[in-house]
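Next come the chains, spelled out residue by residue.
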Amino acid sequence: MEVSAHTQDEIYTPGYYDRIGALEHTHWWHLGAQRAAKALLDSVHPTTFPRVLDAGCGTGGMMAWAQTELGAGALFGVDLSPDAVRTCSGRNPQWSVQLGSVMDMPLPDGGFDLVICNDVIQHLPTDGGDLIALKEIRRVLKPGGLLVLRTNSRQGVQRDPKDHDYDYKRYVRQEVVDLLEQGGFAVRRATYVNVVGGVHETMRRWLHPPHPHHHDHHDHDASASGAELPERHVYEGLTMRDTATERPTLNRMLLGLFSVEAAILGRDGASLPFGHSIVAVGEAPRA
């Protein structure tokens, strides 16, 4: 996960990465999103990926997932945060993790069969940082290589056009499709995911609209981690709740609903019309 420089120190602290690392093995959001990504990838390219890059690798949870679920032979990561690089490198000494921005990665051309980029592009400068990152990802992919991209959605609530942030934006599905195509990808799959989370967030915003001058940069991350539940843990403005420990029955129920979504998305061409996040699979041009 990557953020711009002026928010990085405020939010992405060592405690934040410790917390995410503790949650991602059991929390319904992390596990459900992985199942949805796997279903989409399997529908496009049901095989293993020898060389995988996580662009914005955070704690390395998706790298571990790629190793166990996708059969990745060699794992690489890039992240803007030194704390993320230290955390990720410490998980597996065989992983190659480097400090760098997804908009300018210290990697050679055409070196990867798959790139994972989760919850990164919405945090890039809104004057075109997302497109720069997608073109950079295309550069490091082999011809015919795949990108699995996850970002947030506007969840049915339109923002005031005057409410502009330099480093945070929300998308609708078609915007993500257009970005991928502008970045040189053929879009193989694109869908909303986490319908329950999207409905909850939409209702919350209708009932409790944010203050006109309040910038809700991290609402996506908070509600995706179960912000509607008790026992919150706050790290510099980001609220996360451990539903797996505090509400195991609810955690299983929400994971079950996400698993149903994954089963639907496993059908060729199936998509969901609404959800808290957007997941897309793009293919780099073949030689």
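Here is what the cut-offs are and how they apply
Residues numbered from 1 in each chain as written. Predicted model: local features only at pLDDT ≥ 70, side-chain atom pairs only at ≥ 80, totals over all residues. Heavy atoms only, no water. Salt bridge = Lys/Arg side-chain N within 4 Å of Asp/Glu carboxyl O. Helix = DSSP H or I, 4+ residues; strand = E, 2+ residues; numbered from the N terminus. Buried < 20%, exposed > 50% of the residue type's maximum accessible area, 1.4 Å probe, protein only. Pairing = 2+ DSSP bridges. Axes fitted to C-alpha atoms, helices over the stretch in contact; angles between N-to-C directions. Expected span 1.5 Å × (residues − 1). Right-handed = clockwise from strand over helix to strand, strands pointing away.

Asks: Explain the pattern of salt bridges to me, please; I cannot follow it from the model alone.
Replies: If the charged atoms of two oppositely charged side chains come close together, the side chains can form a pair. Counting across every chain of the model gives 11 salt bridges. The partner of Asp-83 in a salt bridge is Arg-86, with the nearest N and O atoms 2.3 Å apart. Linking Asp-83 with Arg-86, this pair stays in helix 5 (residues 82–91), spanning 3 residues, or about one helical turn. Relative accessible area serves as the criterion here: at 18%, Asp-83 is assigned to the buried category. For Arg-86, a relative accessible area of 56% translates into the label exposed. Measuring nitrogen to oxygen at the nearest pair gives 2.7 Å for the salt bridge that ties Glu-136 to Arg-139. Here Arg-139 and Glu-136 lie together in helix 6 (residues 129–140), a separation of 3 residues that amounts to about one turn.

Asks: I'm lost on the sheet that holds strand 4 (residues 112–118) in this one. Help?
Replies: Hydrogen bonds along the backbone pair up the strands of a sheet, which may run parallel or antiparallel. Spatial ordering of the open sheet is given by 3-2-1-4-5-9-6, a layout of 7 strands whose pairing is mixed. Unpaired on one side and paired on the other, strand 3 (96–99) and strand 6 (186–193) mark the two borders of the sheet. Direction aside, neighbouring strands of the sheet carry axes that sit 15 degrees apart on average. Pairing analysis gives 7 bridges linking strand 6 to strand 9 (residues 277–283), with the strands arranged antiparallel. Looking at the pairing, Ala-190 lines up with Ala-280 of strand 9.

Asks: In this structure, what is going on with the environment of Glu-201? I would like to understand it.
Replies: Within the secondary structure, Glu-201 sits in helix 8 (residues 195–207). Distance in space between the C-alpha atoms of Glu-201 and His-276 is 7.6 Å, their sequence separation being 75 residues.

Asks: I'm lost on helix 3 (residues 28–44) in this one. Help?
Replies: Its 17 residues place the ends of helix 3 24 Å apart at the C-alpha level, agreeing with the 24 Å of an ideal helix rising 1.5 Å per residue. Burial analysis of helix 3 places 13 of its 17 residues in the buried class, the great majority of the element.

Asks: Any chance you could explain the pairing of strand 4 here in plain terms?
Replies: The side chains of a regular strand alternate, first on one face of the sheet and then on the other. Most of strand 4 sits out of view: 7 of its 7 residues are buried. One ladder, built from 3 bridges, connects strand 1 (residues 51–55) with strand 4; its direction is parallel. Pairing of Val-52 across the sheet is with Leu-114, part of strand 4. Here strand 4 pairs with strand 5 (residues 141–152) via 6 bridges, running parallel. Residue pairing across strands places Leu-114 opposite Leu-146, the latter belonging to strand 5. Viewed along the sheet, the connection from strand 4 through helix 6 into strand 5 turns out right-handed.

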